Amino acid sequence: MSKHSIIISNISKSYGNIKAVDDISLNVKKGELFGLIGSDGAGKTTLLRILTTLLLSDSGNAQIENFDVKNNYKNIRQIVGYMPGRFSLYEDLSVEENLNFFASIFNTTVAQNYDLIKDVYSYIEPFKKRRAGQLSGGMKQKLALSCALIHKPKVLFLDEPTTGVDAVSRKEFWGMLKNLQKKDITIMVSTPYMDEAGLCDRISLMQNGKFMETDTPENIINKFQKQIYSIKSKNKQKLIKDLRKYKQTYSANIFGQAIHYIDKRNNIKIDELKNHLKSENHIDIEIKAVKPNIEDCFIELMKKEQSAVTNQLKN
Amino acid sequence: MIPIIFIMPVVQLVILVYAANLEMKEINIIVINNDYGSLSRQLTDKFSSSPFFNVSFGNSHKEANSLMKKDKADIIMTIPHNFEKKLIKEKSADIQLLFNAVNGTKAAVAAGYCKNIIFNFNKDIIVNSPKLILEPINYKRINIINQFWYNPQLDYKIYMSTGILVILITIVSLFLSSMNLVREKEIGTIEQINVTPIKKFHFIAGKLIPFLIIALFELAFGLIIAKLLFNLPMSGSLLLLFVVAAIYLIAMLGLGLFISTVTETQQQAMFIAFFFYLVFIMMSGIFTPAESMPEWAQKINYINPVAWFMRVIRMILLKGSGFAQIKNEIFILTGYSITVLSLAVWRYRKTG
C-alpha cells in the first residue's frame, strides 16, 4: 500500500487552444488536507473533475487510493465524495430527501453513517423538512457536504466550497474539514481565497494550469526573501499611484486599507521614503515592516512567472 | 403539475374533438335561377331542405363572383332560362355548378353532396312529374345501399377522439422525458449523480418509469372522458390496449431521453422534440388516412411509431381486433422501443 492517497503524474487537459491543466504532477498523503489555491480560470475545477472521473485527461494519469482514474473509475466512484462548485443537489427535494436519496444510491443509509455527518448535519437538521432550494447559501453548502460524506468516502474533493458564503459560515466550514481530517479522510479543496490557504496542511499555488509552488503554507512564506512594508496615508488612491511611479519601487499592491510595498534595495531608508511621500503632499503617513502572507507570495510568484514569459518572448 | 395532468386531457378532448370537425356543414350556395319554372324551384328546394347547404339567390354572375371572392360563397349554381322546357322536350338539361376549390377537400365533399341531391331530383321527377311521359323500364337500375361497419352513424368524434388520445400521451411522454435529463444538465445535478456508482441502466429506468405511469394514467383518464362524452366504443381488450400503449410509450420516452442526451439546454431539447412531434403526428393519419398518402410518405411512416400506435388504438377500440390481428404492429413497436432505448442508454455517458 502506498502512503499516498492521490497520485497525479503529468496530467494535461486542453480546451481548444487553452491549456486548462498543463502537465501537472502531485502526490497527496493519506489524511492530508490539501489546498489548491488559484484565481478564477487557473484550472482548479478541471483538475478536480479529472480526479473525480467526470472528465478524461488528454495525457498523463492519476490514481486515487491506487485506482486509476481511467480504468478503475467505477471503484473510484465508490470511495470518493465530490462537492461541485455549483450547488448540485435536487432543489425540489427536501433536505432529508436529498440525504436519503444519495445514501440509497451508495447502497447505505443515513443512520449507518450518522456519526460521520453528525458534525455537519446537526446545523441543518432543524430544517430537514425544508426544500433544498429554499436554504441559505451556508446551509446549502453544509447539505452538499453531508451528501458528499454520506457513503463514508476515503477521499473528499471540494470545489470552491466557500465561494459566496459569509465569513462566519466559512470559519465553521473549515472547522468541520479539520474534524473530518481526524477521521482519516483525505481532503482536496480548491479555493480562490488566499486567507484560507493557511488552514491547509499543504497547498499548491495554481496559475494558468500550472503549479507555481507546492509546499506547506509556512515554508512558502519562509521562502519569501523580501521585506514588505505596509504603508498607509490619507489618500490611498493617490498613494498607490505615487508609489508605483517611485524609482525605487519593486512592487506596490493594495491590501485592504494599506499598501504592501517592496523596495528594490535591500537596506531601505524608511525616512527617505517618508520624505519622498511628504514631498508628494501625503499626510498621516504610516510605514511599518510586516511579515509576508500567502497573497504576497502568490503575487510575487505571478510576477516572476510573467517576467519569465516576457523574457522568453524577447529571446 | 397535478392539475395540468387532469385538465389537459379534458380540454384537449373536448375542444379538439368538437372543433376538428370533418363534417361539411354550412356550405353557402348561391343560386342564379334564370328559369322560373316549377321544376327549377323543386331543385332549389331540394338544396334548401338539405342540412348541409345555406341557399341564397343571386341575380347576376358578377354579383355571385364577387361574393365568392369575398369567401362568402362556396358554390354558384346557374340554372339556364330554358331549363324546364329542355328537360321536358329533350329529357335532359344542363345546369352549371362552380366550386370554390381553395380548400380542395371541402370542394370535393361539397361536389359529392350536390351530385347526390341532383341524382335524387332526377329520380323524383321521373316518378312525380305528370308532364314527363314515363317509361318505367328506364328507371330500373342497381340500387346501392351502403352499410358502414364499426361506425354505423359515421360519427367522426369516435375517430377523432382516439387520435386525440394518442396525441395526449405522446405529448406527455416525449416532452416530459426530453426536458428531464437536460434540465439536470442545466441545474448541474447531473454532476453530483455522475460521481456516484449508480448504474446507467438504473438511472435511465428511474427517469422513465414515472413518466410511463403518468402517461398510462392519462390514457386511462382520457378513455373515461371519451366514453362519457362521445360514447367511445371499446370493442377490444383494454388490457391489450394498455400493453401496446406501454410498449409505444417506452419508444417515445426513449426518443425523448435520447434528445435529452444530445442537447445542452432545454430550448434545444424543446426544438428537436417539437420537430419529431409535428412530423410524427401529421403523418400518423390522425386527420387523413395514412393509406392515402403518397408511397414515399408511407415508406417514411414505417419509422413513425405514432402511425403504428394510431392504427392499433383504432383497431382495438373501434374494430375489436385481438392480438392475432395486430401482432405485426406490436412486433414493430417493440423493435422500435428496444432500438431507441438502447440508443439513449448508449448516448448517456457519465464521463465527459
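Scroll up to find the structure.
Report follows, based on the coordinates. What you see is a predicted model; the values in this text were computed from it and never measured. (Residues numbered from 1 in each chain as written. Chains lettered and ligands numbered in written order. Predicted model: local features only at pLDDT ≥ 70, side-chain atom pairs only at ≥ 80, totals over all residues. Heavy atoms only, no water.)

1. So, the sheet that holds strand β12 (residues 249–255) of chain A
All names here are of chain A. Let me state the cut-off plainly: Between any two strands, pairing holds if DSSP finds at least two bridges. Think of it this way: any DSSP run of H or I at least four residues long counts as a helix, any run of E at least two long counts as a strand, and we number them from the N terminus. Between N-to-C directions, angles span 0 to 180 degrees; the directions come from axes that are lines fitted to C-alpha atoms, helices contributing only their stretch in contact. Two residues form a contact once any of their heavy atoms are found within 4.5 Å.
Strand order in the open sheet formed by 4 strands is β12-β13-β11-β14, and the pairing between neighbours is antiparallel. Taken across any chain shown, the strands that pair with only one partner, and hence form the sheet edges, are β12 and β14 (286–290). Pairwise comparison of adjacent strand axes, ignoring direction, gives a mean angle of 25 degrees for this sheet. In this structure, strand β11 (residues 228–232) lies alongside β14, joined through 5 bridges in antiparallel fashion. Among the inter-strand pairings, Ile228 is bridged to a residue of β14, identified as Val290. The strands touched by helix α8 (residues 236–245) within the sheet are β11, β12 and β13 (258–263), with β12 carrying the most contacts at an inclination of about 160 degrees.

2. Re unusual backbone geometry
A positive phi angle, close to 50 degrees, is found at A:Glu65, a residue other than glycine. Secondary-structure assignment places A:Glu65 in the loop between β4 (59–64) and β5 (67–68).

3. Focus: the interface of chain B and chain A
Basically, it comes down to this: Summed over both partners, the accessible area lost on bringing two parts together, with a 1.4 Å probe, is the buried area. Each residue is assigned to one of three groups, with Ala, Val, Leu, Ile, Met, Phe, Trp, Tyr, Cys and Pro labelled nonpolar, Asp, Glu, Lys and Arg labelled charged, and all others, Gly among them, labelled polar.
With 17 residues of chain B at the contact, the number on the chain A side is 20 residues. Between chain B and chain A, a total of about 1800 Å² is buried, with carbon and sulfur atoms accounting for 56% of that surface. Its largest share of buried area at the contact with chain A, chain B owes to B:Glu191, B:Gln192 and B:Val195, together 35% of the area lost on that side. Going through the elements one at a time, α6 (156–187) and α7 (189–194) of chain B are the ones with two or more residues in the side of chain B that touches chain A. Considering each element in turn, the side of chain B that touches chain A owes the most residues, 5 residues, to α7(B). For the side of chain B that touches chain A, a count of residues per class yields 5 nonpolar, 7 polar and 5 charged.

4. Quick notes on the packing of α6(B) against helix α10 (residues 266–283) of chain B
Residue and element names in this part refer to chain B. To be explicit about the condition: An angle below 35 degrees is read as roughly parallel, one above 145 as roughly antiparallel, one from 65 to 115 as roughly perpendicular, and any other as oblique. Helix crossings are classified by the rotation of the near helix relative to the far one: an anticlockwise turn of less than a right angle makes the crossing left-handed, while a clockwise turn makes it right-handed.
Look at α6 against α10: their axes get within 9 Å of each other, and the N-to-C directions meet at 160 degrees. Between α6 and α10, the interaxial angle falls into the category roughly antiparallel. The handedness of the crossing between α6 and α10 is right-handed. Residues Ile167, Thr170, Ile171, Leu174, Phe175, Ser178, Met179, Val182, Arg183 and Glu186 of α6 touch α10, and the partners they reach there are Gln266, Gln267, Ala269, Met270, Ala273, Phe274, Tyr277 and Ile281. Taken together, the residues of the contact of α6 with α10 break down into 12 nonpolar, 4 polar and 2 charged.

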